[in-house]
Amino acid sequence: MSRDHFHAVGKDIRKVDGVQLVTGAAAFADDFPKERMLHGKILGSPHAHATILSIDTSRAEALRGVHAVLTHENVLLAGAKGARQPVFERVAYTRAGQDYPEPSPWDFFLLDRKVRFVGDRVAAVAAETPEIAREAIDLIDVKYEVHDAVLTPREALAPGAPIVHDEPDARNIEDAGKNLCAAVDVHLRDLEKGLAEADLIVEGSYTVQRVQHAQLELHTAISYLGGDGRLTVIAATQVPFHVRRQLAQVLGWPVGRIRVIKPRIGGGFGGKQEMVIEDLCAALTLATNRPVRLELDRREDLVACRCRHAMELTCRTGSKKDGTFTAMELTALVDAGAYGSHSPTVPTNTGNKNLPRYRCPNMHYKFDAAYTNLVPTGAMRGYGTPQGSFALECHIDEVAEKLGIDPVELRIRTTVRAGDKDELSPHIYEVKTESPGPVDPSEGAGWPIDSCGMEECLVKGAEAISWKEKRSAFDEWNGKNPVLRKGIGMCCLSQGSGVAGIDTANATVKLNEDGSVNLFVGAADLGTGGDTVLVQMVAETLGLDAEDVTIYAADTDIVPFDSGAYASSTTYVSGGAAIRAAEEVRDDLIAIASKLLGESSENLVLENHAVFSSKSDKSIPIRDVATHSMYKEKEQIEHTARFVSPVSPPPFAAQFAEIEVDTESGEVRVVEFVSAIDAGTIISPKLASGQVDGAVSMGIGYALFEEMPVDSSGTQLMRGLNDYKIVKADGMPRLKTIFIETYEPSAPFGAKAVAEIPTNGVAPAIGNALKHALGVRLRELPFTPERILRAIGKME
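Model, not experiment: these values are computed from the prediction.

## Concerning the overall build of the protein chain
When helices and strands are counted, the protein chain shows 20 helices and 31 strands. Taking 28 Å as the expected radius of gyration for a compact globule of 796 residues, we find that the protein chain reaches 27 Å, a close match to that expectation. Principal axes of the C-alpha set define a box for the protein chain whose edges measure 85 × 80 × 50 Å. When burial is assessed residue by residue, the protein chain has 62% of its 796 residues classed as buried. Counting only carbon and sulfur atoms, one obtains 49% of the accessible surface of the protein chain, whose full area is about 29100 Å².

See the structure below:
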């Protein structure tokens, strides 16, 4: 259906939280202080791998204004005259915000006797002021037995390596004795047979680094006990319902006695799909019977939170001379860091969100994720896909070069179309395969691809950046200009919309007597405009304006369950639930209006705040129908609906980068960047374009300069945003976004995800442009000036 037929969907409207944000009204977690609130602070480990031999908290406890010191042994209560009172049992859990039972290992403890990375939790303090809390932290005396650390996956998997997780009560680890956190090995048909049939075999290896979310709002939580003795946690989280469940597990409390509220969020990008501090904050509240505020500073956010998984990847492809692929293989060695949050699932996306966009009968995907003594990795925008996209899309360009086929043309020949099936993903999706041997799908097996605009993305994107003209012109330029070189590169992409069969959303739509609507959803808007999109969908379904819909979201006491904001799920999954609930309300409205108008229900539609007959001039305002239902029939129209999709329809994209390289300084400037994206129906064009712009900026940082180096002891060298560089406004290129609108039949109004996919292709597009400009292939991110100068022989 064309957006011209919609009155709310496909239009640009004011964000539902816009006035609240621009006027500075209370919005974020830190805007809701409580009376008698204490301030928390965490003591982090100075060692990458050590056992705590002793911990003396007496000086911290004696400091005036300190109310609690929490260690792996006990909680020290102010006024208890030195009495030591253990209050929490030792419970293994994961902090990954995933549906239960979480596929991530349960390898974490509230506080542990062993520390596994620099910055790992040692103790926590609650005090009257932040200054007193910081002073108390400095007064805690800890003695450690320091162990050898493993700082790379290869070190960790080597025979005889120090064991990161030797505790007997951890669960769901692939092989703790070998530091193997998680692993997958899946063959689709016969790879070796496919390679034997090929005219050309190309192999290449690539390396990607750790990067951090660098979201504007830091991790913040406020916890308190209500008059009824229930625990409330206000937190900057993407997954309030998962946090509630995990708090109950850690604290030994019933779920029903815990309330989690997500206010507005100043950015998450996956870093808040994790219970980073909420557990400690709540524990301090229970230890003190006082409200507690716990906020990390930027240094703590960098050294002790989460980051993108670093990987070493190898691609191998067998191809016929005409570009037909006969075999494709992708393997990854993954750095999980000190804890395994998301490490079984992030690397699955590295394979299943990349390989299936190419038509190839024989595939192999394998990864090993190793524990190391570095900051834990976790969820980050793209969720494992950017790593695989960089490797695979640079590799496809290498295949194209050896075949003598234009990179755009090769992708047009080899990528999937509507009607094809993804045969690989069902065998590695979200959880490890139970069948490590070859999989030979029966006829018709696999997930159907019902909507696909990939070819149009490739064609329209190439036209928008003048691909053919610039490839030729830059070749001529580079032959005459040895210092300033120019290049143009591209790639194609795929992602997903929610997690098939796992992500769940519920929504309640309540119709008031004046025709207005209250929408209750568990979805967590991260600042992306998710609430606005859901309001537009409900308004469209009920023939109302967006201003007629008031949304209540992400308060576990008030709204129905939602898995949370991750995996590009809000529009597709949460939107699916909202529309189903709205459709049930619509059906009730039509049934009542049918009686009032004396018209058949089949002839009635909702438009412009009224129920109209398509066969006559009869109509009745929605407010009159709602009033009749409430006061005459004594029933308020209200429905709750659920959405769980059996599929995860992929959005598709092609991205193109034009760059300039100074061969004397090694600096790269991205001049223009074009994104052509098939995200189905675009519900809110400006919000969608904003997502693309932000995703591209993150991708530029990933490609050119963001990294998280450590010294030989495992200590992070980046201490703040003066060290950790992110893209500034003056570093952005000219941006052009083209939406190729398809219609996804399983989706609300045909919409697919848009928030993650634009991140995935920036690095490979720039990498392929560098190859065009310099004539050499750089295989490791980021593309720093030093690496570029070494690649062209101007630096040792």
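After that view, the rundown keeps rolling.
## Brief notes about the sheet that holds strand β28 (residues 638-643)
Strands sit in the order β24-β23-β22-β28 across an open sheet of four strands; the sheet is mixed. Where the open sheet ends on each side, the last strands, each with one partner, are β24 (549-553) and β28. Each neighbouring strand pair of the sheet contributes to a mean axis angle of 20°, computed without reference to strand direction. Across five bridges, the pairing between strand β23 (residues 517-521) and β24 is parallel. Across the sheet, Phe520 pairs through a bridge with Tyr552, a residue of β24. Set on the sheet, helix α14 (residues 530-542) makes contact with β22 (505-511), β23 and β24; between it and β24 the angle comes to about 135°.

## Quick word on unusual backbone geometry
Trans peptide bonds make up the majority, and among non-glycine residues the majority have a negative phi. The step from Tyr100 to Pro101 runs through a cis peptide bond, and the omega angle for that step is -10°. Here Pro101 is to be found in the loop between β5 (84-85) and β6 (114-115). Going from Leu781 to Pro782, the amide bond is cis rather than trans, its omega being -5°. Inspection of the secondary structure assignment puts Pro782 in the loop between α19 (762-774) and α20 (785-791). Its identity is not glycine, yet Asn172 carries a phi of approximately 70°, on the positive side. Its place among the elements puts Asn172 in the loop between α4 (153-157) and β9 (180-188). Judged by its relative accessible area of 47%, Asn172 is partly exposed. One non-glycine residue with positive phi stands out, namely His342, at about 70°.

## Details of the domain arrangement of the protein chain
When its domains are assigned, the protein chain resolves into domain 1 (32-147 + 216-267 + 272-303), domain 2 (310-498 + 647-791) and domain 3 (504-644). Each of domain 2 and domain 3 has a C-alpha centre, and the two are 38 Å apart. The interface of domain 2 with domain 3 comprises 17 residues on the first partner and 18 residues on the second. Here domain 2 and domain 3 share an interface that buries about 1300 Å² over both sides, 68% of which is from carbon and sulfur atoms. Of all residues in domain 2, Ile683, Pro748 and Phe749 give up the largest surface area on contact with domain 3, accounting jointly for 39% of the area buried on that side. Across the contact surface, domain 2 and domain 3 share zero salt bridges. Where domain 2 packs against domain 3, one counts four residue pairs in polar contact (both at pLDDT 80 or more). Its residues assigned to classes, the side of domain 2 that touches domain 3 shows 10 nonpolar, six polar and one charged.

## Looking at the packing of aromatic side chains
One pass over the structure, following the stated rule, counts 12 aromatic pairs. With centroids separated by 6.3 Å and ring planes inclined at 80°, the aromatic side chains of Phe117 and Tyr339 adopt a geometry described as edge-to-face. A residue pair is termed long-range when its members are at least 10 positions apart, and Phe117 in the loop between β6 and β7 (121-127) and Tyr339 in the loop between β16 (325-337) and α9 (346-352) qualify at 222 residues. Each of the two residues, Phe117 as well as Tyr339, counts as buried. Counting every residue linked through ring pairs, the aromatic cluster contains Tyr93, Phe108, Phe117 and Tyr339. Here Arg90 stacks its cationic end above the ring of Phe109, 3.7 Å away from the centre of that ring. One Lys or Arg, Arg308, reaches over the ring of Tyr702 and ends 5.3 Å from the middle of that ring.

## A look at the side chain of His342
Within the secondary structure, His342 sits in the loop between β16 and α9. His342 gets classed as buried once you look at its relative accessible area, which sits at 0%. When residues no more than four places from it in sequence are discounted, the contact partners of His342 are Ala96, Gly97, Gln98, Ser104, Gln273, Glu274, His309, Pro347, Gly378, Ala379 and Tyr383.

## Quick word on the packing of helix α10 (residues 385-403) against helix α11 (residues 407-414)
For the pair α10 and α11, interaxial distance at closest approach is 9 Å and the crossing angle is 105°. Here α10 lies roughly perpendicular to α11, going by the angle between them. Note on element contacts: α11 touches α10 through Pro407, Leu410 and Arg411, opposite Glu393, Ile396, Asp397, Val399, Ala400 and Leu403. Residues of the contact of α10 with α11, tallied by class, amount to six nonpolar, no polar and three charged.

## A word on the environment of Asn74
When you line up the elements, Asn74 lands in the loop between β3 (66-70) and β4 (75-77). Assessed through its relative accessible area of 5%, Asn74 is described here as buried. Separated by 49 residues in sequence, Asn74 and Ala123 place their C-alpha atoms 9.9 Å apart.

## Things to note about α11
Of all eight residues in α11, six are buried, a share of seventy percent or more. Taken residue by residue, α11 has Pro407, Val408, Leu410, Arg411, Ile412 and Thr414 as its buried positions. At the N-terminal boundary of α11, the capping side chain belongs to Asp406, with an oxygen 2.9 Å from the backbone nitrogen of Val408.

## Considering the sheet that holds strand β25 (residues 604-607)
One open sheet holds the three strands; their spatial order is β25-β26-β27, and the pairing between them is antiparallel. Edge strands, defined here as strands with exactly one partner in the open sheet, are β25 and β27 (619-621). When the angles between neighbouring strand axes are averaged without regard to direction, this sheet yields 20°. Where helix α16 (residues 622-632) meets the sheet, its contacts fall on β25, β26 (610-613) and β27, and the angle it forms with β27 comes to roughly 70°.

Procedures and definitions
- Residues numbered from 1 in each chain as written.
- Predicted model: local features only at pLDDT ≥ 70, side-chain atom pairs only at ≥ 80, totals over all residues.
- Heavy atoms only, no water.
- Helix = DSSP H or I, 4+ residues; strand = E, 2+ residues; numbered from the N terminus.
- Rg over C-alpha atoms; globule rule 2.2 N^0.38 Å.
- Buried < 20%, exposed > 50% of the residue type's maximum accessible area, 1.4 Å probe, protein only.
- Areas by Shrake-Rupley, 256 points an atom, 1.4 Å probe, with all protein chains shown as cover.
- Pairing = 2+ DSSP bridges.
- Axes fitted to C-alpha atoms, helices over the stretch in contact; angles between N-to-C directions.
- Contact = heavy atoms within 4.5 Å.
- Domains from an automatic or database assignment.
- Buried area = accessible area lost by both parts, 1.4 Å probe.
- Salt bridge = Lys/Arg side-chain N within 4 Å of Asp/Glu carboxyl O.
- Polar contact = N/O pair within 3.5 Å; in protein donor to acceptor, adjacent residues only side chain to side chain.
- Nonpolar A, V, L, I, M, F, W, Y, C, P; charged D, E, K, R; others polar.
- Phe/Tyr/Trp six-rings, centres within 6.5 Å; stacked < 30°, edge-to-face > 60°.
- Lys NZ or Arg CZ within 6 Å of the ring centre and 35° of its normal.
- Parallel < 35°, antiparallel > 145°, perpendicular 65-115°, else oblique.

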